[in-house]
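Given next are the chains, with one letter for each unit.
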Amino acid sequence: MTNSIRLNLTVNGEARSVEIDPRRLLVEVIREELELPGTHIGCLTGDCGACTVERDGQIIKSCLALAASAEGSEITTIEGLAENGELSTLQQAFWDEYGFQCGYCLPGMLFSAKDLLAQNASPSEDEIRHAINGNLCRCTGYDTIVKSIAEAAARTA
Amino acid sequence: MIKRRFAYQAPSTLDEVLAALAEHGADAEVVGGGTWVVPEMTHGARMPAHVVDLRNAGLAGVTESNGGLSIGAMTTYAELANDSRVVERAGSLGTMAAGITGGAQVRYQGTVGGSACYATPSSDAPGALVGLDATMNLRSASNSRAVAASDFFKGAFEADLADGEVLESITLPAPMAGARFGHYKLKLVESSWPIATATCVVGVDGEGKITAARLAVGGVNTKPYVVDTSSIVGGPIDGGAAAAVVEAARSSATDPYSDVLASGEYRQQVSGVVAKRALLAAA
């Protein structure tokens, strides 16, 4: 039984079309078919947030989505955050404030921070902590992540 | 990758969804927001031969209905939390939606309708829907029926939803005069499932007296239950009303649910204070 389907997406601004097995999760297609391994697989249960990407402007956990369900949508992955080869303001703030250690949670943290800052340009510490409550980090203890996001907000103000 | 092969379809009308479900019956799994059923398939807990995705069937969105609201089955938590009509006419549902565990990602993806259909005892939606006296509108290829939320939840992981049926929408009645809403969720850590939830809607007159009240507790019993609030009607929302609600909520916690997060005995113990905090949140 062969029931592969064609999936058409816009990924980081570029039209992409791939043949997939409908059993594929979106995160698997991003990493293995689109060859964008910056999006990470952590738990596959929706708890850790390492697989966070943007779909049509909203952040989602791409392990909770069938790739087939993303047909026609616009996806932004971590590879799409840099601007003209330069780190975005948010990425630079994480770099400067040691907002990551092993880096596994980093793509998800960046997307949650981006979602927050798009709605709230000068968040309080509590609001920052609330905004990353769908993302687990096992290195930093979160303090430097919170500082990085506050720093990014300050630099954008 | 999900292990068992399945055929995938995302029909563009509800009628086509219903035809597919009529054809495949128990072999079909419905995917809404995906936050529950997709990981269940990933881990092999569900192995359907057919997956019917609702994303193109036009079931998302909130509309006004007889002074209340109609919530399409595919409406996400984020849409509910950001809709001023929800805040105004069903405020506790907005509070519930904004407080869903899992981060903004899950609130953009997950749906209150999907959560209801899986009837997880300790999830947020069941208690909130029973508290608001919601009606679940179900469709199949041959039938449509409306079921009160308090009847829809039949037990742990058991909803009144037959093979071939799908939830089309949830109707919320017009709120009572002077309605105030309260919602409270107890969880032990930030990333945890709820341990117990309570939702109340209280009508309050110009003198601050309660004219009518409805309060439901979720997560404690295997299904949500309505607390007897008759003794607080006529008085203010105060310490006396709160104490009465504590006793009433505990005395109805007769079929407590146990899981790895909390024993039934613990849930029974906290039911009173959770109900009280929901009432005081409406003050």
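Residues numbered from 1 in each chain as written. Chains lettered and ligands numbered in written order. Predicted model: local features only at pLDDT ≥ 70, side-chain atom pairs only at ≥ 80, totals over all residues. Heavy atoms only, no water.

*Asks:* Please clarify how the pattern of salt bridges should be interpreted in this entry.
*Replies:* Side chains bearing opposite charge may pair, as long as their charged atoms lie close to each other. Counted according to the given criterion, the structure contains 24 salt bridges over all chains. A salt bridge links A:E19 to A:R6, with the nearest nitrogen and oxygen atoms 3.0 Å apart. With a gap of 13 residues between them, A:E19 in strand β2 (residues 14-20) and A:R6 in strand β1 (residues 5-11) connect regions that are remote in the sequence. Assessed through its relative accessible area of 46%, A:R6 is described here as partly exposed. Here B:R267 and B:D259 are joined by a salt bridge, their closest N and O atoms 3.1 Å apart. (Salt bridge = Lys/Arg side-chain N within 4 Å of Asp/Glu carboxyl O. Helix = DSSP H or I, 4+ residues; strand = E, 2+ residues; numbered from the N terminus. Buried < 20%, exposed > 50% of the residue type's maximum accessible area, 1.4 Å probe, protein only.)

*Asks:* Got a minute to help me understand the nonpolar core in this structure?
*Replies:* Note that soluble globular proteins tend to have their nonpolar side chains buried in a common cluster. With 52 residues, the main nonpolar core has A:L66, B:L93, B:V112, B:L129, B:M136, B:F152 and B:I170 as its most contacted residues. Dropping the residues within four chain positions of it, B:L129 is found in contact with B:L93, B:V112, B:A116, B:A134, B:M136, B:A149, B:F153 and B:I170. Grouped together as the second largest cluster of nonpolar side chains are 27 residues, B:V217, B:V227, B:A275 and B:L279 included. (Core = buried A, V, L, I, M, F, W, Y, C linked by side-chain atoms within 4.5 Å. Contact = heavy atoms within 4.5 Å.)

*Asks:* I'm lost on the state of the cysteines in this one. Help?
*Replies:* Cysteine pairs can be linked by a disulfide, which is a covalent bond between their two sulfur atoms. Within this structure, the stated rule accounts for zero disulfides over all chains. Free of any disulfide, A:C102 has its nearest neighbouring cysteine sulfur in A:C139, separated by 3.8 Å. (Disulfide = S-S within 2.5 Å.)

*Asks:* When you look at the pairing of strand β2 (residues 28-31) of chain B in this model, what are you seeing that I'm missing?
*Replies:* It is a general feature of regular strands that their side chains alternate between the two faces of the sheet. Residues and elements named next belong to chain B. One ladder, built from four bridges, connects β2 with strand β3 (residues 50-53); its direction is parallel. Across the sheet, residue V31 finds its bridge partner in β3, namely D53. For the crossover from β2 across helix α2 (residues 37-42) to β3, the handedness is right-handed. (Pairing = 2+ DSSP bridges. Right-handed = clockwise from strand over helix to strand, strands pointing away.)

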